[in-house]
Amino acid sequence: MKITLKLIIGIYVFILSSFVGNTQNPVIQTYYTADPAPMVYDGTVYLYTSHDEDETVKNFFTMLDWRCYSSTDMVNWTDHGAVASLKSFGWLDKQNGAWAPQCIERNGKFYLYVPIHGEGISVLVSDSPTGPFIDPVGKRLIDSDHIWQDIDPTVAVDDNGQAYLYWGNPKLWYVKLNEDMISFDRNIGENGIVSVEMTTEAFGSKEGRDGKPGTTYTEGPWFYKRNNLYYMVYAAAGIPEYIAYSTSPSPEGPWTYKGNIMERADHLAFTNHSGIIDFKGNSYFFYHTQELSGGEGFKRSTSIEQFKYNSDGTIPLIKPTKEGVKESVFFINPYTRVQAETMAWSEGVKTAGDMQTNVFVTKINQGDYIKVRNIDFGKGAKKFEANVASDLSGGSIEIRIDSNEGQLLGTLEVTGTGGDKNWKTQSCKIDKAKGVHDVYLVFKGGDGELFNFDWWKFH
Ligand code: FUB
């Protein structure tokens, strides 16, 4: 291996971060984000999530929209806002039920498959992974007679071009999608819908809710192919749920039960829901917990663990951790605009807007902060600039490195801009910063909300 300066700096940052104890999970702190569905596209991971509202209504899942985040390094996530919602469907008269989504790209179009609890599974389409998504069908996609069981769609396109959509709780069904991805082959199963045989060989054994012998399969399937083996990962034996999986030599089964991936634990929620990807040579397991401040069974948040497949393709038991992904696979360049809503961790703040209206950081109060990991200052930065908006007198941004109380490089005094959407770029000199650091933007000011924050850049 070539020993380069970057490699030495990387090892230094890694060792340092192990000492200061990087907490990376849950990966989004500004909203509750459940049912993670990662998609790798064009060197970027897009993370689609359902969204548990801050206020739970009638002690049940309160879920109105689907959110999207992206990352190129697996530690800093950029918020793209709510990319679709129940309102995306003109025919739908529903105030709740935006459950677990999955998005997939085909021929330059992005298909977002979503369940609406009690209304079955529908699809939205966009020219961009971050929307806007529109309804190409005008009604639900899966027109089954078991609409309440039609949740948790998962989609993959096989090497021969055949796309499969699996879903279901507590049974598992699939359709073979046509190339348009918004209709399916009606010549198989029952009007196109194939019911998977739920045997204990396929999905493990557990006593069913009716007291009769059943399988562990419960919901939240995640279907994919890797090295000629097909995987079905799912929430099992609920509730509380753990994550188990089965494999098959073909996309249509027969499936063989392979056991647990993530066991139950007190700090996990009563549901769990997973997604798995390979990205830049590493494998990542996405799941949800109730670990974010204020979290509980109806306020869940996405976490990620890196893992390695065993040599025979089996998946090891994965432990939920607070540290999550330890090493980033990319350093952030601070000399181009970085969106303020790109962060590895934050305290106190929220984001607002969407990709069409501009996403920004808001609800900034005294003492809140944003952490951005692994910023490569190279030979040195001397100036910091930020695009901000404040209808009051503003506040300030302390630019610190390696901890929220770490070395102070400089302070940007944010002055009023005449409106909380009246964006102005303001700047300050900083002490020269060199090498790779985690940057903490710490907000200071008086009572109440200080300003909105759109992007930043070093010079
Ligand atoms: O988020 C609502 C439901 O809870 C999902 O559809 C299930 O997979 C479970 O996570």
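Before any of the text, the structure's been laid out above.
This one's a predicted model, so the numbers in the text were calculated from it and none came from an experiment. (Residues numbered from 1 in each chain as written. Predicted model: local features only at pLDDT ≥ 70, side-chain atom pairs only at ≥ 80, totals over all residues. Heavy atoms only, no water.)

## Observations concerning the sheet that holds strand β8 (residues 154-157)
Within the open sheet, the 4 strands sit side by side as β8-β9-β10-β11. Their pairing is antiparallel. Looking at which strands have only one partner, the edges of the open sheet turn out to be β8 and β11 (194-195). (Pairing = 2+ DSSP bridges. Helix = DSSP H or I, 4+ residues; strand = E, 2+ residues; numbered from the N terminus.)

## Some details on the environment of Asn-187
Mapped onto the elements of the fold, Asn-187 is located in the loop between β10 (173-177) and β11. On the accessibility criterion, Asn-187 (72% relative accessible area) is exposed. (Buried < 20%, exposed > 50% of the residue type's maximum accessible area, 1.4 Å probe, protein only.)

## With respect to the environment of Lys-379
Examined against the element boundaries, Lys-379 turns out to sit in the loop between β26 (369-376) and β27 (381-389). Owing to a relative accessible area of 77%, Lys-379 belongs among the exposed residues under this scheme. Residues Lys-379 and Lys-432, 53 residues apart in the sequence, show an inter-C-alpha distance of 9.0 Å. The residues touching Lys-379, leaving out its near neighbours within four places in the chain, are Lys-432 and Lys-434. (Contact = heavy atoms within 4.5 Å.)

## Focus: the side chain of Thr-49
Note that Thr-49 resides in strand β2 (residues 44-52). Contacts of Thr-49, omitting those with residues within four sequence positions, involve Thr-33, Ala-34, Asp-35, Pro-36, Trp-66, Arg-67, Tyr-69, Pro-101 and Thr-302.

## As for unusual backbone geometry
Residue Pro-26 is bonded to the preceding Asn-25 through a cis peptide linkage, with omega at -5°. Inspection of the secondary structure puts Pro-26 in the loop between α1 (5-20) and β1 (32-41). Of note, the amide linkage connecting Gly-253 to Pro-254 takes the cis form, showing an omega dihedral of 5°. Structurally, the position occupied by Pro-254 is in the loop between β16 (242-248) and β17 (256-262). Unlike most non-glycine residues, Asn-374 shows phi in positive territory, near 55°. According to the relative accessible area criterion, Asn-374 is buried, its value standing at 6%.

## Quick look at the layout of surface pockets
By volume, the largest pocket is sized at about 510 Å³. Taken together, 25 residues make up the lining of the largest pocket; nearest its centre are Ile-104, Val-155, Ala-156, Tyr-224 and Lys-225. Elements with a minimum of two residues in the lining of the largest pocket: β1, β5 (102-106), β8, β14 (217-226) and β18 (275-279). Looking at which element gives the most residues to the lining of the largest pocket, the answer is β14, with 5 residues. (1 Å grid on protein atoms, 1.4 Å probe; cavity = no way out; pocket = protein on both sides within 12 Å on 5 of 7 lines; lining within 4 Å. Points joined across faces, edges and corners; volume = space filled by probe spheres on them.)

Honestly, it's all geometry; don't read function into it.
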